[in-house]
Amino acid sequence: MDNNLKLAINIHGELSQLVHPATPESIRASSITNNTVLVVFVFCGFLSSVLLLTSSVLALPVIYQIIAAAILGITFQSLYSANKYLKTSTYNPRHNQGYIINYALGIFSG
């Protein structure tokens, strides 16, 4: 093994220790532009807040207001809990299905 390859392996090992427990996958997912699930959550929360703010003008039925409030509530909760993973770059995109299920359960329970 030549010296350049050994040096590259050593540098990789040291960098991996510096960012542990983050992985390249979690670092990529910690960027909002690379995380479709969080973008969808933010978009749904924005839409629900617009619906709630304009519900009296649009004369929406109460059930739509309740659903919009539930969506807004679970959006806050989801983004709040994702925030700690994003701060440490440990957001795991392998768990996106679980995050989506929790979001849906929050809407239904809200």
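None of the values given here were measured: they were computed from a predicted structure.

Moving on to the overall build of the protein chain. Scanning the protein chain from terminus to terminus reveals five helices and zero strands. For the protein chain, the succession of helices and strands along the chain, N to C, is α-α-α-α-α. Within the protein chain, buried positions represent 21% of all 110 residues. The contacts in the protein chain between residues at least 6 apart in sequence include a share of 74% that link residues at least 24 apart. Approximately 7,900 Å² of the protein chain is accessible, and the part contributed by carbon and sulfur atoms is 67%.

Listed in full, the eight residues of the largest apolar core are Val37, Leu38, Phe41, Ile71, Ile74, Ala82, Tyr91 and Tyr103. Sorting the residues of this core by element identifies helix H3 (36-58) and helix H4 (62-87) as the ones contributing at least two each. Once residues within four sequence positions are removed from consideration, Phe41 is found in contact with Thr75, Ser78, Tyr99, Ile100 and Tyr103.

Here the focus is the environment of Thr75. Tracing the backbone through its elements, the reader meets Thr75 in helix H4. Relative accessible area serves as the criterion here: at 5%, Thr75 is assigned to the buried category. For Thr75 and Phe46, which are 29 residues apart along the polypeptide, the C-alpha to C-alpha distance reads 9.1 Å. If sequence neighbours within four positions are ignored, Thr75 has contacts with Phe41, Cys44, Gly45 and Tyr103. Within polar-contact distance, the side chain of Thr75 engages the side chain of Tyr103 at 2.6 Å.

About the cut-offs
- Residues numbered from 1 in each chain as written.
- Predicted model: local features only at pLDDT ≥ 70, side-chain atom pairs only at ≥ 80, totals over all residues.
- Heavy atoms only, no water.
- Helix = DSSP H or I, 4+ residues; strand = E, 2+ residues; numbered from the N terminus.
- Buried < 20%, exposed > 50% of the residue type's maximum accessible area, 1.4 Å probe, protein only.
- Contact = heavy atoms within 4.5 Å.
- Areas by Shrake-Rupley, 256 points an atom, 1.4 Å probe, with all protein chains shown as cover.
- Core = buried A, V, L, I, M, F, W, Y, C linked by side-chain atoms within 4.5 Å.
- Polar contact = N/O pair within 3.5 Å; in protein donor to acceptor, adjacent residues only side chain to side chain.

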